[in-house]
Amino acid sequence: MSAPVLEISRSAFRSNVQAVRERIAPSDLMLVMKDDAYGHGVDWAVPIAVECGVEWFGAYDVDTALRIRALSDGRIFAWATSTPQEAERAVSAGIDLGVGSAGYLRGVIAAAERLGVRADVHLKIDTGLHRNGFRPEEWDQAVAIAREAEIRGIVHVAGVWSHLAEASDEEDDQSRVAFLSAVARLQDAGGSPDVLHLTASAASWWRPELRGSLCRIGAFCYGIRSADGPHLDGVRPIARLVARVTRITDQGVEVGVGAYHGLPSTLRGVGVGTPRGVRRIVRVDADTTVVESWPGAAAGDEVVVFGAGEQGEADATRLAEHIDTVGEEILTRLTPAVRRVLRD
Ligand SMILES: *Cc1c(COP(=O)(O)O)cnc(C)c1O
């Protein structure tokens, strides 16, 4: 049985990155690469992004940041709270660190002191999501600790950031007010951050007034729309999941991709692309998926589980909507048993 393949279009990725950059200008793009570039692979994506002029990368964890560092001299932001050893490796590799608690801030300062180099930190204000970040009442203390170290030359407060709930425009507007107030308090204390960043894909695209000088964007660069979201001009899926017919049975056509490859077993009923147009998934098994038959179906026929719609199939977001999740989830769940193949 031939392995299923995630075919990735470099040109689609390139044009998405360009479309996003044009849309958010004059803000800059931080290309978010968590979960191995949303399942597509960091290693090929970084050099293309660099060619496109991307100067900031968002890594989440320090390991990913170091993988990106091996491929780029750009600025790399890792925002997971990390161990002292990880923080030390990050600081010595010139990785910018997102910091949202006094304990971690002190740990990063200590790491920089041990190494004798300056750490670039981005202080996170909790603007309502309550998912890490200094609470407004903790902010002045965080600023005081960071500024004291900055005056000693041990850290540079390179950024202020937060993450929006994106539950309603009103809430996000309130978050922006809290964010700007935190920035002002840092400036009052003598801080002068290089960048301010608050928004991810959707808010960066649709709500220009919320953008900071930098936008942290993953999904839209990989062509993943928001669930139930509208079409995005100039942005298209970059990946197609392709599998081959292994067997024809009484119940339908068996295709060589299943739960073992990361396909959610709840996908029944979703349309996939076949040589004779769209057919529905009957059932997802461990390593095969049964699809409604078509005239002349034969072993070896190509089935596109999701993609760019060329064979009538849905994109990853459409699949995700069917099971009440988001497109990112479909892509990042694909296991290494799915071969990633790069196309122009
Ligand atoms: C994942 C993530 C992003 C990017 O979100 P997208 O919707 O994929 O653009 C930005 N910021 C943080 C903190 C994230 O975790």
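Residues numbered from 1 in each chain as written. Predicted model: local features only at pLDDT ≥ 70, side-chain atom pairs only at ≥ 80, totals over all residues. Heavy atoms only, no water.

### Let's talk about the site of the ligand
Close contacts around the ligand come from Val32, Lys34, Tyr38, Trp79, Trp161, His163, Ala200, Ser201, Arg216, Ile217, Gly218 and Ala219, and that covers them all. Contact between the ligand and Ala219: an oxygen atom at 2.9 Å from a main-chain N or O atom of the residue. About the coverage of the ligand: the protein hides 86% of its 380 Å² of free accessible area. Classifying every residue of the shell around the ligand by side-chain character gives seven nonpolar, three polar and two charged. (Near = heavy atom within 4 Å. Polar contact = N/O pair within 3.5 Å; in protein donor to acceptor, adjacent residues only side chain to side chain. Areas by Shrake-Rupley, 256 points an atom, 1.4 Å probe, with all protein chains shown as cover. Nonpolar A, V, L, I, M, F, W, Y, C, P; charged D, E, K, R; others polar.)

### Details of unusual backbone geometry
The omega torsion across Ala25 and Pro26 is 10°, close enough to zero to call that bond cis. Locating Pro26 in the fold gives a position in the loop between helix H1 (10–24) and strand E2 (28–32). In the Ramachandran plot, Asp35 falls in the positive-phi region, its phi being about 50° despite a non-glycine side chain. Tracing the chain through its elements places Asp35 in helix H2 (residues 34–38). (Helix = DSSP H or I, 4+ residues; strand = E, 2+ residues; numbered from the N terminus.)

### So, the nonpolar core
Judged by nonpolar contacts, the single largest core of 109 residues is most densely connected at Phe13, Met33, Leu97, Leu123 and Phe306. In this structure, this core is formed jointly by two domains, domain 1 (10–222) and domain 2 (239–343), each of which donates at least three residues. Contacts of Phe306, omitting those with residues within four sequence positions, involve Leu6, Ala239, Arg240, Leu241, Glu313, Ala314, Asp315, Ala316, Leu319, Ile330, Leu331 and Leu334. (Core = buried A, V, L, I, M, F, W, Y, C linked by side-chain atoms within 4.5 Å. Buried < 20%, exposed > 50% of the residue type's maximum accessible area, 1.4 Å probe, protein only. Domains from an automatic or database assignment. Contact = heavy atoms within 4.5 Å.)

### Side note on the domain arrangement of the protein
When the domains of the protein are assigned, the result is domain 1 (10–222) and domain 2 (239–343). With seven residues of domain 1 at the contact, the number on the domain 2 side is seven residues. The largest contributions to the domain 1 side of the interface with domain 2 come from Arg10, Tyr38 and His40, which together make up 59% of the buried area. Along the contact surface separating domain 1 from domain 2 lie zero salt bridges. Across the side of domain 1 that touches domain 2, the residue classes tally to three nonpolar, two polar and two charged. (Buried area = accessible area lost by both parts, 1.4 Å probe. Salt bridge = Lys/Arg side-chain N within 4 Å of Asp/Glu carboxyl O.)

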